[in-house]
Amino acid sequence: QIAASDTTVYTVVDKMPEFPGGKEAMMKFIDLNKQYPNCEDDVQARIIVKCIVEMDGSLSQITIARSVAPLIDKEALKVVQKMPKWSPGRLKGKIVRVWVTIPVEYRLY
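The rules behind the values
- Residue positions are given per chain, counted from 1 along the sequence in the order it is written.
- Per-residue local features are limited, in this predicted model, to residues with pLDDT of at least 70; the limit for side-chain atom pairs, both in listing and counting, is 80 or more; totals at the level of whole chains, interfaces and linings are taken over all residues.
- Each side-chain value is derived from all of the structure's non-hydrogen atoms; neither hydrogens nor water enter the calculation.
- Side-chain atoms within 4.5 Å link the members of a nonpolar core, which is a set of buried Ala, Val, Leu, Ile, Met, Phe, Trp, Tyr and Cys residues.
- In this scheme, a residue with accessible area under 20% of its type's maximum is buried, one over 50% is exposed, and one in between is partly exposed, where area comes from a 1.4 Å probe on protein chains only.
- Helical segments are the DSSP runs of H or I of at least four residues, strand segments are the runs of E of at least two, and each set is numbered from the N terminus.
- Throughout this description, the term salt bridge denotes a Lys or Arg side-chain nitrogen within 4 Å of a carboxyl oxygen of Asp or Glu.
- Criterion used throughout: strands pair if DSSP finds at least two bridges between them.
- Think of a polar contact as two N or O atoms within 3.5 Å of one another; within protein, one of them needs to be a possible hydrogen donor and the other a possible acceptor, and neighboring residues in sequence only count if both atoms come from side chains.
- Any two residues whose heavy atoms approach within 4.5 Å are treated as being in contact.
- By convention, a stacked pair of Phe, Tyr or Trp rings (six-membered ring in the case of Trp) has centres within 6.5 Å and planes under 30 degrees apart, an edge-to-face pair has planes over 60 apart, and any other such pair is tilted.

**What about the nonpolar core?**
Consideration 1: With 25 residues, the main nonpolar core has Val49, Leu59, Val80, Met83, Trp86, Ile102 and Val104 as its most contacted residues.
Consideration 2: Residue assignment for this core shows that the elements contributing at least two residues are α1 (23–33), β2 (44–53), β3 (59–66), α2 (70–81) and β5 (94–107).
Consideration 3: Looking at this core, the element that brings in the most residues is β5, giving 6 residues.

Below, the structure written as structure tokens:
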């Protein structure tokens, strides 16, 4: 059941939203889909992307919560935008909108 009138975005709920297959599947998806920008420096970076998992499982308001460099930030956003729908969060049995953070790691040696 969806509380259609509830536009509140929660940060903590009884059942947090989940990427299909769980956290390991999400990390694998990120590794397979991220692109390395052409950087002159060796990059070791952990970008934090913040977004809302909507009631239908789609992601919205995808933004950088912790920036590293414009080129890498842009690639991290692209990877999250490609993600499939998540299972939505629930609060007291109702599907709700939830903020989540997604780490995107880059390692160039």
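After that view of the structure, there is still more to cover.
**A word on the pattern of salt bridges**
Consideration 1: The final tally for this structure, using the stated rule, is 5 salt bridges.
Consideration 2: Ionic pairing is found between lysine 34 and aspartate 31, a salt bridge with its closest N-O pair at 3.2 Å.
Consideration 3: Glutamate 105 is the salt-bridge partner of arginine 46, the closest N and O atoms lying 3.0 Å from each other. Of this pair, arginine 46 sits in strand β2 while glutamate 105 sits in strand β5, and the two are 59 residues apart along the sequence.

**Re the pairing of β2**
In regular strands, side chains alternate between the two faces of the sheet.
Consideration 1: When you tally the buried positions in β2, you get 7 out of 10 residues, the bulk of the element.
Consideration 2: Pairing of β2 with β5 involves 10 bridges; the strand directions are antiparallel. Opposite lysine 50, over in β5, you have threonine 101 as the bridge partner.
Consideration 3: Relative to β3, β2 runs antiparallel, the two being bridged by 5 bridges. By the bridge assignment for β3, isoleucine 52 is matched with serine 60.
Consideration 4: Between β2 and the antiparallel strand that follows it, β3, lie 5 residues; glycine 57 among them carries a positive phi value of about 90°.

**Remarks on the side chain of lysine 34**
Consideration 1: Position of lysine 34 relative to the elements: it lies in the loop between α1 and β2.
Consideration 2: Polar side-chain contacts of lysine 34 include one of 3.2 Å to the side chain of aspartate 31.
Consideration 3: Separated by 2.3 Å, the side chain of lysine 34 and the backbone oxygen of glutamate 105 make a polar contact.
Consideration 4: Not counting residues up to four positions away in its chain, the partners in contact with lysine 34 are Val79, Glu105 and Tyr106.

**Topic: the environment of valine 96**
Consideration 1: Among the secondary structure elements, valine 96 is positioned in strand β5.
Consideration 2: For valine 96 and lysine 15, which are 81 residues apart along the polypeptide, the C-alpha to C-alpha distance reads 9.8 Å.

**Section: the environment of lysine 50**
Consideration 1: Relative to the helices and strands, lysine 50 resides in strand β2.
Consideration 2: Distance in space between the C-alpha atoms of lysine 50 and leucine 77 is 9.4 Å, their sequence separation being 27 residues.
Consideration 3: Aside from chain neighbours lying at most four places away, what touches lysine 50 is Gln61, Ile62, Thr63, Ala65, Trp99, Val100 and Thr101.

**Topic: the packing of aromatic side chains**
Consideration 1: For the structure on display, the rule yields 3 aromatic pairs.
Consideration 2: When the ring of phenylalanine 19 is compared with that of phenylalanine 29, the centres are 5.6 Å apart and the planes differ by 50°; the resulting orientation is tilted. Of this pair, phenylalanine 19 sits in the loop between β1 (9–10) and α1 while phenylalanine 29 sits in helix α1, and the two are 10 residues apart along the sequence.
Consideration 3: Considering the side-chain rings of phenylalanine 19 and tryptophan 86, the 6.0 Å spacing of their centres and the 90° angle between planes classify their relative orientation as edge-to-face.

By themselves, these are just geometric observations and shouldn't be taken as functional.
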